[in-house]
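# Structural features, examined
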Amino acid sequence: MAKTVSVLFVLAAIACSLTAISAEETVDSKEFVLTLDHSNFTDIVSKHDFIVVEFYAPWCGHCKSLAPEYEKAASILSKSDPPIILAKVDANEQSNKDLSTQYEIRGFPTLKILRNGGKNVQEYKGPREAEGFVEYLKKQSGPVSTEIKSAEDASNFIGDKKIVIVGVFSKFSGEEFESYIALAEKFRSDYEFGHTSDAKHLPRGESSVTGPVVRLFKPFDELFVDSKDFNVEALEKFVEESSIPPVTLFNNDPINHPFVNKFFESHRDKVMLFVNISSEGAETLQSKYREVAEQYKGQSSSFLLGDIEASQSALQYFGIKDSQVPVIIILSSDEKKFLKANVEADHIAPWLKDYKDGKVVPYVKSQPIPVENNEPVKVVVADTLEDLVFKSGKNVLLEFYAPWCGHCKNLAPILDEVAVHYEKDANVLIAKLDATENDIGHPSFNVKGFPTVYFKSADGNITAYKGDRTKEDIIDFIEKCRVKTAPQESVKDEL
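Please read these numbers as outputs of a predicted model, since none were measured by experiment.

## Here we look at the pattern of salt bridges
When charged atoms on two side chains of opposite charge get close, those side chains can pair. Scanning the model with the defined rule gives 17 salt bridges in all. Notably, a salt bridge pairs Lys125 with Asp190, separated by 2.8 Å at the nearest N-O pair. Of this pair, Lys125 sits in the loop between β5 (120-123) and α5 (130-141) while Asp190 sits in the loop between α7 (175-187) and β8 (192-196), and the two are 65 residues apart along the sequence. Here Lys162 and Glu192 are joined by a salt bridge, their closest N and O atoms 2.9 Å apart. One end of the pair, Lys162, is in the loop between α6 (151-158) and β7 (164-168); the other, Glu192, is in strand β8, with 30 residues separating them in the sequence. Taking the relative accessible area as the measure of exposure, Glu192 reaches 22% and is therefore partly exposed. Within the structure, one salt-bridge network assembled from shared partners comprises Glu135, Lys139, Lys162 and Glu192.

## Quick notes on the pairing of strand β13 (residues 301-307)
Each regular strand displays side chains that alternate between the two surfaces of the sheet. Among the 7 residues that make up β13, 7 are buried, leaving the element largely enclosed by the rest of the structure. Covered by surrounding structure in β13 are Ser301, Phe303, Leu305 and Asp307 together with Ser302, Leu304 and Gly306, the residues of both alternating faces. Pairing between strand β11 (residues 247-250) and β13: 4 bridges, direction parallel. Counted as the bridge partner of Thr248 is Leu304 from β13. The pairing of strand β12 (residues 269-275) with β13 spans 7 bridges and is parallel. Note on β13: the bridge partner recorded for Met272 is Leu304.

Cut-offs applied
Residues numbered from 1 in each chain as written. Predicted model: local features only at pLDDT ≥ 70, side-chain atom pairs only at ≥ 80, totals over all residues. Heavy atoms only, no water. Salt bridge = Lys/Arg side-chain N within 4 Å of Asp/Glu carboxyl O. Helix = DSSP H or I, 4+ residues; strand = E, 2+ residues; numbered from the N terminus. Buried < 20%, exposed > 50% of the residue type's maximum accessible area, 1.4 Å probe, protein only. Pairing = 2+ DSSP bridges.

This is the structure we're talking about:
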């Protein structure tokens with residue numbers, strides 16, 4: 001998919017040793033994860049200031065792997081003071097579809113932190129093993145910002161391998177402090193926040209400031225940066241821009257994974273160099289690449305350096321073979337993809353300038369055009385999307401799917417039935433596009449999960465399908481949205 005790039009690393013599994021289970025422990029072996037559905041979700045969530053909900057599918061392998069860790073964490077957190085509640089929703093159930101839509105569930109498992117009776121919703125961005133769940137959620141459920149009262153507090157809190165944000169204030173009240181707390185509330189799932197009345201406790205930066213000032217500590221570049229602009233939007237921009245390295249390193253070191261995550265979540269142009277870091281000449285290539293990144297620092301581009309060994313999932317996603325490395329890929333903010341193979345060190349800067357000047361021809365990933373396309377549901381690929389969907393003059397129902405998606409597999413026979421229903425209607429086309437193997441070039445198609453279904457009417461209107469996945473509902477939707485063109489009327493006259 002061109003629209004969304006997922007987290008491109010695999011979470012490590014935790015091995016647990018078996019111990020003898022006493023009779024008392026057997027009694028306590030109940031399930032601690034609450035099971036929610038459409039009938040009890042709102043009632044239960046509204047009673048909690050803090051609750052974590054997993055949206056899962058029974059067929060999902062990642063969900064199955066997560067289940068024992070999630071249950072173990074729920075057991076431990078149930079003994080916290082106050083208890084921290086973990087819950088789950090089977091998003092595969094048709095009756096829970098409205099919940100999945102409400103919380104924008106695009107894949108499985110998805111975990112959400114719901115605060116204040118469900119009024120505030122945040123993505124869960126912590127570890128996915130029991131101990132990590134416990135540590136992360138205890139911090140998330142506690143105060144949004146930790147007071148730093150000594151140099152020892154600061155040393156324990158800040159460290160040197162993560163981003164930490166600390167506000168310095170002469171008093172913990174007033175407009176500036178409230179803006180800082182609002183910032184912390186918004187970004188608390190991404191970063192740890194602290195506050196202090198004495199900058200002398202802090203390990204870096206000017207120690208004589210009395211505030212108000214926000215200091216962001218980071219494990220790269222100048223190691224810290226300050227802001228005195230307490231406009232909330234300015235603070236948010238300050239954090240977002242300061243928390244991304246000039247060049248994000250994508251390798252097997254887990255310390256870098258949060259930065260890789262942030263890189264792909266950003267709304268900037270994404271410039272990615274994939275290279276075999278241990279190969280001859282790679283050091284020169286990396287050096288030139290970093291020089292270019294510094295040149296564009298503060299502009300609308302973010303840079304990533306991916307080692308071929310750690311980046312196999314990304315290379316597969318972009319349709320790149322190992323033999324094409326080193327390669328630069330640009331994923332622009334409007335979601336068009338650009339590619340340049342066989343990159344040489346001295347060519348990086350001129351090529352990026354050509355890209356900025358609009359001189360680079362877009363590269364579009366596409367499956368081969370089918371030699372035969374005789375099935376009821378027609379196959380669309382990137383290279384035929386324009387002709388079959390936009391220039392055909394037909395009413396087109398187009399499914400964006402993934403071959404591995406269970407929901408897509410369930411929908412496939414239903415779409416076959418719909419296609420058979422319209423088999424003799426020359427003005428209705430039922431089609432599908434494998435969004436894992438083809439770029440989606442049209443901005444009207446916002447594909448963030450599978451299956452995603454759109455309808456393009458004969459007069460060009462595009463509508464997302466949100467109804468039930470039944471033959472009758474889909475046909476009813478098509479009939480409401482379609483345009484009865486002249487060729488269709490002539491067909492009726494002949495009948």
